[in-house]
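Listed below, chain by chain, are the residues.
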Amino acid sequence: MNQELQWIENAIEALARTAEKDGVYWRATYTPEDLNGVALLKEWMENAGFETYFDQAGNLYGRIRGKSDAVFLTGSHRDTVADGGKYDGALGIITAIAAGGALYRDYGTPEMTLEVVALCEEEGSRFLSGYTGSQAIVGALSDADLQETDKNGISLLQALKVCGYYDGVLPKPREDVNQFLELHIEQGGVLEYTKHQIGIVTAIVGLLVGDIIFHGTQNHAGTTPMDLRRDPVPAAAAFIDELNRWAMSKGEDLVCTIGNVTVEPGKSNVIANCVKLTFDIRSGSQPLLNEVKEKLQSLLNEFATYTPEIHYARQENPVLMDEEGICCLETLAEMQGASFTRIASGAGHDSQIIGQKIKTNMIFVPSKNGVSHSPDEFTSLQDIAPGYTLMKNYIKKSVWRRKEK
Ligand code: HGY
Ligand code: MN
Ligand code: MN
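All chains use their own residue numbering, which begins from 1 and follows the written sequence. Chain letters start at A and ligand numbers start at 1, both assigned in the order the entries are written. Only residues with pLDDT of at least 70 are given local features in this predicted model, and only at 80 or more are side-chain atom pairs given and counted; all residues enter the totals for whole chains, interfaces and linings. Note that water and hydrogens are dropped before the side-chain values are worked out from all heavy atoms of the structure.

Draft legend 1. Region of interest: the environment of A19. The helix count covers DSSP runs of H or I at least four residues long, the strand count covers runs of E at least two residues long, and both are numbered beginning at the N terminus. If you trace the backbone, A19 turns up in the loop between α1 (2-17) and β1 (20-21). Each residue gets one of three labels from its accessible area relative to the maximum for its type: buried under 20%, exposed over 50%, partly exposed in between, using a 1.4 Å probe on protein chains only. Judged by relative accessible area, A19 falls into the buried class, the value being 5%. Note: C-alpha distance between A19 and D79 (60 residues apart in sequence) is 9.1 Å. Residues are treated as being in contact if the distance between any of their heavy atoms lies within 4.5 Å. What A19 contacts, discounting residues up to four positions off in sequence, is V24, Y25, W26, R27 and E33.

Structural data, given as structure tokens:
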């Protein structure tokens with residue numbers, strides 16, 4: 001086990017280095033740094049005994065064929081947020097390769113077919129709607145999705161073609177996948193605070209992600225009297241303040257983030273012609289999520305002078321994890337003597353897309369100081385080990401059908 005853990009620690013560092021520029025980590029999918037990361041992951045999968053292949057969306061898979069074609073899929077996303085950490089996504093892929101490789105080495109051909117996967121563009125740090133890889137697995141990628149463009153105007157279709165993944169046929173839903181397991185850092189501080197080694201995820205929040213544009217009249221900053229301006233910046237600021245107050249009034253049940261505000265043309269002596277802002281609103285409550293769209297529209301109506309446009313890039317309902325899988329993970333965690341708790345996820349994951357169609361479960365390991373989406377993201381090997389052991393025992397039981405001794 002220690003050898004596996006040591007390999008995991010080294011692999012995290014090595015994979016991070018392929019996405020590092022001047023000390024900043026960022027791997028958006030279908031970029032040169034992504035291709036470097038894919039080459040490394042492909043090599044590791046093959047060294048561990050997996051045969052590798054890609055799907056039409058560029059997801060990288062490793063497969064160990066079992067006596068049956070029914071697939072147990074495990075893995076996570078390979079992309080990161082801009083200025084992100086080393087563990088978000090990467091840990092779920094690296095632990096899957098380590099566990100699957102070790103079990104194959106020790107027990108040979110499994111009953112089920114085991115596949116590990118390095119998924120594409122979960123974060124949406126290049127294509128805002130995100131979850132590209134997991135959408136492909138459930139057959140939810142549409143022609144419209146392929147037309148989404150990044151900040152340089154390159155479409156998802158063009159990016160896929162440049163990498164040679166897409167041959168014109170949209171990915172069909174994977175009917176052969178029986179279940180999905182994702183090990184992930186908690187990205188919050190609950191496990192650290194409650195001193196649990198493992199979080200067994202019960203549900204993943206629903207979310208509304210998109211952008212809003214406020215239009216103004218571009219003009220001279222010096223010669224235009226205040227009462228003759230149509231300046232979108234103070235309007236957007238007032239909108240953000242009102243939306244934030246509303247979100248605060250919902251307490252623990254909802255979170256709202258305005259992650260990016262762009263002013264154009266963005267010069268100090270020019271009254272802006274538009275302000276573009278992103279929104280990311282999440283809640284575990286479906287009724288509350290339903291309220292959000294109405295609230296956004298009613299707030300925007302107050303700023304009609306700026307002809308606001310709203311565009312929803314992603315809307316997901318809260319998703320429950322598989323109850324039978326939760327109970328099985330609890331039993332195994334108990335048997336290994338680990339401390340664990342059920343926990344809901346405030347972060348989005350590929351599991352919330354795959355879990356809408358396929359039996360899905362997640363294992364959380366603690367995040368130091370609850371920090372994530374930051375270069376300060378960290379989980380020690382000591383904190384990885386219990387979750388990794390649980391993942392390995394769950395795969396051993398499910399895929400090799402071998403009971404824990
Ligand atoms: O934003 C999220 O929660 C996830 O990391 N994509
Ligand atoms: Mn993330
Ligand atoms: Mn993630």
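Further notes follow.
Draft legend 2. Layout of unusual backbone geometry. Cis geometry marks the peptide bond from E264 to P265; its omega dihedral reads 5°. Although it is not a glycine, D83 sits at a positive phi angle of roughly 60°. Here D83 is to be found in the loop between β5 (71-77) and α3 (90-107). Phi is positive for E121, close to 45°, though the residue is something other than glycine. Using a relative accessible area of 0% as the deciding quantity, one classes E121 as buried.

Draft legend 3. Main features of the domain arrangement of the protein. Delimitation of the domains relies on an automatic or database domain assignment. We note that the domain assignment places domain 1 (2-203 + 319-400) and domain 2 (206-316) within the protein. Using C-alpha coordinates to define each centre, domain 1 is positioned 33 Å away from domain 2. Counting residues at the interface gives 11 residues for domain 1, matched by eight residues for domain 2. Buried area counts how much accessible surface, traced with a 1.4 Å probe, disappears from two parts once they are put together, with both parts' losses summed. Carbon and sulfur atoms supply 50% of the area that domain 1 and domain 2 bury against each other, a total of about 730 Å² over both sides. By the criterion of area lost to domain 2, the three top residues of domain 1 are L128, S129 and Q352, representing 52% of everything that side buries. By definition, a salt bridge exists where a carboxyl oxygen of Asp or Glu is found within 4 Å of a side-chain nitrogen of Lys or Arg. The interface formed by domain 1 and domain 2 includes zero salt bridges. Contacts described as polar in this section are N or O atom pairs within 3.5 Å, which, within protein, must combine one atom able to donate a hydrogen with one able to accept it, while residues neighboring in sequence count only if both atoms come from side chains. Our count for the domain 1 to domain 2 interface comes out at four residue pairs in polar contact (both at pLDDT 80 or more). Gly counts as polar in this scheme, as do all residues outside two lists: the nonpolar Ala, Val, Leu, Ile, Met, Phe, Trp, Tyr, Cys and Pro, and the charged Asp, Glu, Lys and Arg. Partitioning the side of domain 1 that touches domain 2 into residue classes produces four nonpolar, seven polar and no charged.

Draft legend 4. Here's a closer look at the site of ligand 1. Residues are classed as near a molecule or strand on a simple rule: at least one heavy atom within 4 Å of it. Every residue near ligand 1 is listed here: D88, E122, E123, R282, A347, G348 and H373. The contact in question runs from an oxygen atom of ligand 1 to an N or O atom on the backbone of G348, over 2.7 Å. Contact with the protein chains hides 90% of the accessible area of ligand 1, taken as 210 Å² for the molecule alone. A class-by-class count of the residues in the shell around ligand 1 yields one nonpolar, two polar and four charged. For every accessible area listed, the method is Shrake-Rupley and the probe measures 1.4 Å; residues are considered covered only by the protein chains on display.

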